[in-house]
Amino acid sequence: MDQNADAYDVIIAGAGPTGLMLAGELALAGVRCRVVERREHRTQESRALGLHGRTMEVLHMRGVADEVLERANPVPRVRVSLGQSLFDMGKLVSDFGQLTIIPQGQTEELLEKRAVNLGVTVERGVTVTDCRQEGRTVHVTLEKEGRVWEESAPWLIGCDGSRSQVRQSMGAEFTGATYPYTIIVADVRLGVPLDDQLLIRVGRAGLVVATDFGNGWYRMGVIDRDKPWSDDPVTLGEVDATLKKLFGRDMRPSEPLWTSRFHIQERQAEFYRKGRMIIAGDAAHVHSPLGGQGLNLGIQDAMNLGWKLAAVVKGRAGEDLLDSYAAERRPVSQGVIKVTDIATRIMTSDQLPARVARKAVVAVASRIPRTHLTAVGHLSGVFTRYPAMAAATGASALVGTRVPDLRIASPGRSAENLYEALRTGSFVLIDTGSGAPLLPGVPESDGSLVRLAGRISYAPGPWRTPEVILVRPDGYCAWAGTRARAVAELPAALLRWVRS
Ligand SMILES: Cc1cc2nc3c(=O)[nH]c(=O)nc-3n(C[C@H](O)[C@H](O)[C@H](O)COP(=O)(O)OP(=O)(O)OC[C@H]3O[C@@H](n4cnc5c(N)ncnc54)[C@H](O)[C@@H]3O)c2cc1C
């Protein structure tokens, strides 16, 4: 039986952070969207605790960052015990030069609230058990409490985590490997509070990442070299003994709120899209948790895919626009897999070359200002760029890079910030010159384009030079240059993405 045929443009499998962010993006653009989630309730586990700078920037572009900050514990610096090195996120040119600590369940709550307010239906306790595409329709088999039925929609997006059913039905291999050790995760109180809000302690006994997530609670993520692999349930006694070994003193952990032991994997889906079925987030890639990138990558995937899928559904772009999603996002997760793999190997090995390498790498990355900035820029996602965008246009070197929150002042109007202008999910055109409109055929009233005209009153570095900047709905630069060039090139630059 096919219920609700034609009721939705898109079905999303999975109400994790990726699925909920994507649902909000689609609904913002007026796409009818339904999320089905296997679990009856939202996760109460802290799981991913840290939102990086770029994630906070994109949440700010959609008006969610303030609510996150009300609940979060911002951590500007990460200390690594090797030579007492510090990584200072405050060096970033961003309003969010910090790691924003908030339990995953709360991030999901805020993303779900936004999606539901925009009209999304989230149904829990419903599992996607199979899917297949026929013509321009995807048929999705659903199961709830033993009842099985079929629904159809033009598009199905698998945000259903690392064991993704959608990925399996698409026939995409999840290639990679499982590391030879397990990680213990424990949310506990400590009898000996730490001086640092976020500390990575590495020693002969293993590695611990300790995160203060507020109100006296700490997340301890531990790799114990004496017990690299286990499937046993985690006990408080084990946490106590392991922390004693790693810190060299009794940390007196108590009141375990959540404990778990999990296997680290690094895998990437062979492809992200098959016709009208697409995957995002953990369904598309998983990697070592060192660096806390998982949830952050998922939110960025959703931000990249959302406006593109909306444009296709609304008939403003051809389906081939969706190829740019994998072309842009696959190399980013590939890079994260590579870097976190190297970091994990050198941080967890007890071999002499690795011990020497980790001291050297941490010293260079934390003490030399340039390498320090590169390290925090990449860790935070602020330096993420899409070379595929620039390659295709051959325009300014700024194309494909993240546009900072520029401030535009125009006579007679209060100053406007780019990220606030992006809240509608439209393209934004910044025009500092005067003369005829640069995109005369593109209506501003129907939300296709927001135009900011005036002088750029705040801009870091290279962003002071261009007279005209076209910003994509996900905050990346689509075109930048002089007004004279804009007259000739801008319509084609916009057409590359959407028809007006
Ligand atoms: C124990 C643990 C600790 C972690 N710690 C960190 C950390 O400190 N930092 C960090 O960045 N990342 C961490 N992660 C990873 C982070 O949680 C993930 O990267 C992030 O949740 C990915 O979001 P997602 O929405 O893509 O997938 P998920 O959060 O996995 O969400 C997928 C959703 O789909 C649902 N689902 C699955 N199958 C189906 C189906 N067939 N039908 C319907 N629904 C389905 C699931 O129930 C789930 O709600 C941790 C993960 C785990 C498991």
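Residues numbered from 1 in each chain as written. Predicted model: local features only at pLDDT ≥ 70, side-chain atom pairs only at ≥ 80, totals over all residues. Heavy atoms only, no water.

Database annotation for the chain, UniProt heading Cofactor (unreviewed entry): "FAD". (UniProt positions renumbered as here; feature names shortened; annotations may be inferred.)

**Student:** Got a sec to walk through the site of the ligand? Specific residues and values, please.
**Tutor:** Lining the immediate surroundings of the ligand are 28 residues, of which Thr18, Glu37, Arg39, Gln104 and Asp282 lie closest. Pro17 places a main-chain nitrogen or oxygen 3.3 Å from an oxygen atom of the ligand. When the ligand sits alone it has 990 Å² of accessible area, and the protein chains cover 87% of it. Residue composition of the shell around the ligand, grouped by class: 10 nonpolar, 11 polar and 7 charged. No fewer than three residues from each of domain 1 (2–49 + 103–173 + 270–347) and domain 2 (177–265) sit in the shell around the ligand. (Near = heavy atom within 4 Å. Polar contact = N/O pair within 3.5 Å; in protein donor to acceptor, adjacent residues only side chain to side chain. Areas by Shrake-Rupley, 256 points an atom, 1.4 Å probe, with all protein chains shown as cover. Nonpolar A, V, L, I, M, F, W, Y, C, P; charged D, E, K, R; others polar. Domains from an automatic or database assignment.)

**Student:** Residue-level account of helix α1 (residues 17–28), with values.
**Tutor:** Between its terminal C-alpha atoms α1 stretches 16 Å, which fits the 16 Å expected from 12 residues at 1.5 Å a residue. Taking burial as the measure, the 12 residues of α1 include 11 buried ones, the bulk of the element. Restricting attention to buried positions, one finds in α1 the residues Pro17, Thr18, Gly19, Leu20, Met21, Leu22, Ala23, Gly24, Glu25, Leu26 and Ala27. Following α1 by one or two positions, Gly30 has its phi on the positive side, about 85°. (Helix = DSSP H or I, 4+ residues; strand = E, 2+ residues; numbered from the N terminus. Expected span 1.5 Å × (residues − 1). Buried < 20%, exposed > 50% of the residue type's maximum accessible area, 1.4 Å probe, protein only.)

**Student:** Which residues make up the sheet that holds strand β4 (residues 50–51), and what values go with them?
**Tutor:** Strand order in the open sheet formed by 3 strands is β4-β8-β5, with antiparallel pairing between adjacent strands. Only two strands of the sheet have a single partner each, and these edge strands are β4 and β5 (73–75). As judged from the 3 bridges shared by β5 and strand β8 (residues 99–101), these two strands associate in the antiparallel manner. What sits directly across from Val75, in β8, is Leu99. (Pairing = 2+ DSSP bridges.)

**Student:** Account for the UniProt feature "domain: FAD-binding" (unreviewed entry) in the chain, with residues named and values stated.
**Tutor:** The feature "domain: FAD-binding" (unreviewed entry), as annotated in UniProt, sits at residues 8–338 in this numbering. End-to-end, the C-alpha atoms of residues 8–338 are 38 Å apart, and along that stretch the chain is 29% helix and 36% strand.

**Student:** Got a sec to walk through the packing of aromatic side chains? Specific residues and values, please.
**Tutor:** Using the criterion set out here, one finds 5 aromatic pairs in the structure. Each ring, one from Tyr272 and one from Tyr325, has its centre 5.8 Å from the other, and the planes form 45°; the classification is tilted. Of the two residues, Tyr272 is situated in the loop between β18 (253–269) and β19 (273–274) and Tyr325 in helix α8 (residues 323–348); the sequence distance between them amounts to 53 residues. With respect to burial, Tyr272 and Tyr325 carry one shared label: buried. Arranged with centres 6.0 Å apart and planes meeting at 65°, the rings of Trp307 and Trp497 form a pair that is edge-to-face. A residue pair is termed long-range when its members are at least 10 positions apart, and Trp307 in helix α7 (residues 294–313) and Trp497 in the segment after α13 (483–495) qualify at 190 residues. Comparing Trp307 with Trp497, the two get one shared label, buried. By way of ring pairs, the aromatic residues Trp307, Phe427 and Trp497 are connected into one cluster. The ring of Trp149 carries Arg147 above its face, with NZ or CZ at 4.1 Å from the centroid. The ring centre of Phe174 lies 3.6 Å from the NZ or CZ of Arg167, which sits over that ring. (Phe/Tyr/Trp six-rings, centres within 6.5 Å; stacked < 30°, edge-to-face > 60°. Lys NZ or Arg CZ within 6 Å of the ring centre and 35° of its normal.)

**Student:** Talk me through unusual backbone geometry; I want residue IDs and the actual numbers.
**Tutor:** A positive phi angle, near 55°, is found at Asn215, a position not held by glycine. Checked against the element boundaries, Asn215 lands in the loop between β16 (206–212) and β17 (217–224). Looking at Asn215, the relative accessible area reads 71%, which means it is exposed.

**Student:** Just give me the short version of the packing of α7 against α8, but keep the residues and values in it.
**Tutor:** Packed helices, taken two at a time, are described by the angle between their axes plus the distance between the axes. One way to put it is that α7 packs onto α8 with a least axis distance of 10 Å and a crossing angle of 170°. By the angle class used here, α7 and α8 are roughly antiparallel. Listed contacts from α8 to Leu297, Gln300, Asp301, Asn304, Leu305 and Lys308 of α7 are Ser324, Tyr325, Glu328, Arg329, Val332, Ser333 and Val336. For the contact of α7 with α8, the per-class residue count stands at 5 nonpolar, 4 polar and 4 charged. (Axes fitted to C-alpha atoms, helices over the stretch in contact; angles between N-to-C directions. Parallel < 35°, antiparallel > 145°, perpendicular 65-115°, else oblique. Contact = heavy atoms within 4.5 Å.)

**Student:** Requested: an account of the pattern of salt bridges, with residues and values cited.
**Tutor:** If you walk through the whole model with that rule in mind, you get 38 salt bridges. Measuring nitrogen to oxygen at the nearest pair gives 2.8 Å for the salt bridge that ties Arg34 to Glu151. Taken together, the positions of Arg34 in strand β3 (residues 33–37) and Glu151 in strand β12 (residues 147–153) put the pair 117 residues apart, joining distant regions of the chain. Each member of the pair, Arg34 as well as Glu151, carries the same accessibility label: buried. Glu123 is paired through a salt bridge with Lys144; the nearest N and O atoms lie 3.7 Å apart. Here the residue Glu123 occupies a position in strand β9 (residues 121–124), and Lys144 occupies one in strand β11 (residues 137–144), the gap between them amounting to 21 residues. Take Glu123: its relative accessible area is 25%, and that puts it in the partly exposed class. Given a relative accessible area of 22%, Lys144 falls into the partly exposed group. (Salt bridge = Lys/Arg side-chain N within 4 Å of Asp/Glu carboxyl O.)

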